[in-house]
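# Coordinate inspection notes
Residues per chain are reported as follows:
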Amino acid sequence: MHERCLVRSPRAKRQKTDHVDRISSLPDPMLISILSLLTTKEAVQTSVLAKRYRNLWVSVPGLEFDFDDFLPSVEILEKLEETDEDLSEYEEKFVKFVDRVFEHRGPLNLDSFKLVWTEDDSDPIRATAWLDIVAKLKPKFLFVHIFSENYNFEVPDSVFASQSLQELVLHLGFEVITPRSVNLPCLKRLTLDSVEIREEVMQKLLSGSPALEEMVLSDCLLSFCDISSCTLKRLIIDGYHNEKAPEILISIPSLVYLEVRCWAMGKLNFKNLKSLVKAQIQFHDLSDDEPLFLTALSNVTSLELVLSVWALRDMKDVLEKETTKFPTFNNLKTLKIGGWSLTHDFDLVDHFLLHSPNLEKLTLLHRERLTCSNLELTLGLGDCLDIVETTYEQNDKSASELAKIVETHFKTIREAHHIPQSCNL
C-alpha cells in the first residue's frame, strides 16, 4: 500500500498569505503612530475592528476635532436651509463625542490639540471648558479655529499660562483676546488670525513669551502702537485693520525675516531692524510723507517689493522731493520688484539699480491687464546685466515686447551712468 503525499499548491499558499492581517501584527507604538494620522473621530472608529483596537486610540498623543465631520451630506444641509431648521441635533452629537473622548482619555498628556468649530448658529461655550482641560495636559501645539456669528467665544486664561506650549494658533473671527496675564515660557511660534489685539494684550504676549521667535498676524484688528522684541526672528503681517492706532512702531533688532501684505504702508513705522536679512513687502497705498520703511530695510540681502499703481505713484511723488534721499542697499543681492505695468515706468527700478552696488539678481514683475510676466535678470560682478530667464503666460505677446523695452532701457541706463560695456543685454 502506497502512501499518498499531499502537497499544498502554490495558489493555496498565496491565498492564505493574502489573508494575513499584517497591520495587526505591528507593535502598538507603530499602530498608534498610524492612528495619529487620522482625525480623532476616525481613530475612535477603529475601536470596533478588533479587541486589540478597543482602547488603542486613547494613547494617540494628539486630538483633532472638526464640527464639519459631524454634519450630514450636502444634500441634507441644503434641505435644512430651505426649511430654516437649525443644526442643534448635530451640534449636540459633536459636543457629546468630544466630552466622551476626554472622559475616556483621562489625564494622559497631549502633544497636540486641534479644534475647528465654524458655524454661525452654534454656541461654542463648551470649547472654553475643553481648552481648560487641554491646558492641563501639557500640549506642545494648540490650534483653535472658532467662529460663530451669533455667539461670543472667550479663550480661557489657562491657555495663556501653559508651561509646555511651543506653538499657538488662534483663528477667532475678530473676537477680542483678554488674558489677565501671559506666561508662556516655551512658546516659539504664535499665529493670530482674525483677532482683535489691544495694546495691553500685545505687551503681555511679548513680555510673557521670552522664547518667542515667530509671530504671524493675519487679517487682525491691530489696536496697539508698538511691537518691540529682542527675541523675534520672523514677523508676518498679512492684512490688517487699524482704526484706533494712528501708527504702529515695529522695533525688533533680532528680526531676520519680515513679510508685510497690507493696504496702507504708512501706518507701519519700522526702526532698529539691524539683523534683517530678507523682506517681502506688498501694499496699495503709501499714505506717508516719505518712504521711511525703505531706510529701515536697507540692510537686507533679499527684497521683494510689490506695489499697486497707486503706491508706485505715491513713491514717485515722494522720491521727486529734494529732501528725500533714497537709501543705499549695500548688502542687497536679490531684488524682486513690480506689480505695475513696466512698459513705460522704470523709475523705481532705476533707483534700486543705482543704489544697490552688489545686486546680483533682479526679477521684474510686470502686470498688464490680468496677465503677469516675470523677467529675471542677473547682474554680474562687472555691473553687467544678462536676462537669464523669462516666465510669462503662454502666447503672451507682451512678454517679448517688454523684453525689448527692458533691453533698450538698461542699455541707456548703463551708458548714462558709465556701467562697463563688457556684457551685452
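Residues numbered from 1 in each chain as written. Predicted model: local features only at pLDDT ≥ 70, side-chain atom pairs only at ≥ 80, totals over all residues. Heavy atoms only, no water.

Below, the discussion takes up the overall build of the protein chain. Looking only at helices and strands, the protein chain has 11 helices and 17 strands in total. Counting every position in the protein chain, which comprises 425 residues, the buried fraction comes to 45%. Considering only intrachain contacts with a sequence separation of at least 6, the fraction spanning at least 24 residues in the protein chain is 51%. (Helix = DSSP H or I, 4+ residues; strand = E, 2+ residues; numbered from the N terminus. Buried < 20%, exposed > 50% of the residue type's maximum accessible area, 1.4 Å probe, protein only. Contact = heavy atoms within 4.5 Å.)

Pairing analysis gives five bridges linking strand β3 (residues 141–147) to strand β4 (residues 167–176), with the strands arranged parallel. Note that in β4 the partner of Phe 141 across the bridge is Glu 167. Note that β4 and strand β5 (residues 189–198) share seven bridges and pair parallel. Paired with Glu 175 across the two strands is Val 195, which belongs to β5. (Pairing = 2+ DSSP bridges.)

Let's shift gears to the sheet that holds strand β9 (residues 248–251). In spatial order, the strands read β7-β9-β11; together these three strands make up an open sheet with parallel pairing. Edge positions in the sheet fall to β7 (226–228) and β11 (268–271), since each has one partner strand and no second. In this sheet, adjacent strand axes meet at a mean angle of 15° when their direction is disregarded. (Axes fitted to C-alpha atoms, helices over the stretch in contact; angles between N-to-C directions.)

So, on to a negative patch on the surface. Residues Glu 42, Glu 64, Asp 68 and Asp 69 make up a contiguous surface patch of negative charge. The residue Asp 69 is located in the loop between β1 (62–66) and α4 (74–82) in this model. The partly exposed category is assigned to Asp 69, whose relative accessible area is 35%. (Patch = residues over 30% accessible without salt bridge, like charges linked within 9 Å, V, L, I, M, F, W, Y side chains within 5 Å. Areas by Shrake-Rupley, 256 points an atom, 1.4 Å probe, with all protein chains shown as cover. Salt bridge = Lys/Arg side-chain N within 4 Å of Asp/Glu carboxyl O. Lys, Arg positive; Asp, Glu negative; His and termini not counted. Charge placed at Lys NZ, Arg CZ, Asp CG, Glu CD.)

Of the strand pairs in this sheet, strand β2 (residues 112–118) and β3 are connected by seven bridges, and their pairing is parallel. Bridged to Thr 118 within β3 is Phe 147.

Averaged over every residue, the pLDDT of the protein chain is 80; residues scoring 70 or more account for 74%. Low pLDDT (under 50) marks residues 377–384, which in the prediction has 30 contacts with non-local residues, meaning those over four places away or in another chain. Segment residues 418–425: pLDDT under 50, and 22 contacts once partners within four positions in sequence are set aside and those in other chains are kept. (pLDDT = per-residue confidence, 0-100.)

With that settled, the discussion passes to the nonpolar core. By size, the foremost hydrophobic cluster in this structure holds 108 residues, and its most contacted members are Leu 258, Leu 348 and Phe 352. Tallying contributions element by element places helix α5 (residues 88–105) first for this core, with seven residues. The contacts of Leu 258, once residues within four sequence positions are left out, are Leu 235, Phe 270, Leu 273, Leu 276, Lys 278, Ala 279, Gln 280, Ile 281 and Leu 297. (Core = buried A, V, L, I, M, F, W, Y, C linked by side-chain atoms within 4.5 Å.)

The subject of this paragraph is the packing of α5 against helix α6 (residues 125–135). What describes two packed helices is the angle between their axes and the distance between those same axes. Close contact between α5 and α6 brings their axes to 11 Å; oriented N to C, the two are set at 15°. As judged from the angle between their axes, α5 and α6 are roughly parallel. Here α5 and α6 pass one another in a crossing that is left-handed. Of the residues in α6, those touching α5 at Phe 94, Val 95, Val 98, Asp 99 and Phe 102 are Arg 126, Trp 130, Ile 133 and Val 134. For the contact of α5 with α6, the class distribution of residues is seven nonpolar, no polar and two charged. (Parallel < 35°, antiparallel > 145°, perpendicular 65-115°, else oblique. Left-handed = near helix turned anticlockwise from the far one by under 90°. Nonpolar A, V, L, I, M, F, W, Y, C, P; charged D, E, K, R; others polar.)

A few words now on the packing of aromatic side chains. Tallied over the full model, the rule gives 14 aromatic pairs. Between Phe 65 and Phe 97, the aromatic rings sit 6.2 Å apart at their centres with planes inclined by 80°, giving edge-to-face as the arrangement. On the criterion of sequence distance, the pair formed by Phe 65 in strand β1 and Phe 97 in helix α5 is long-range, its members being 32 residues apart. Owing to a relative accessible area of 1%, Phe 65 belongs among the buried residues under this scheme. The class for Phe 97 is buried, based on a relative accessible area of 11%. Seen in terms of ring centroids, Phe 326 and Phe 352 are 5.0 Å apart; in terms of plane orientation they differ by 85°. Their pairing is edge-to-face. Of this pair, Phe 326 sits in the loop between α9 (309–319) and β14 (334–340) while Phe 352 sits in helix α10 (residues 347–354), placing them 26 residues apart in sequence. A residue is classified by how much of its surface remains accessible, and Phe 326, at 10% relative accessible area, is buried. For Phe 352, a relative accessible area of 0% translates into the label buried. Ring-pair connections join several aromatic residues into one group, and the members of that group are Phe 65, Phe 67, Phe 70, Phe 94, Phe 97, Phe 102, Phe 113, Trp 117 and Trp 130. Across from the ring centre of Phe 143, 5.0 Å away, lies the NZ or CZ of Lys 114, which sits over that ring. (Phe/Tyr/Trp six-rings, centres within 6.5 Å; stacked < 30°, edge-to-face > 60°. Lys NZ or Arg CZ within 6 Å of the ring centre and 35° of its normal.)

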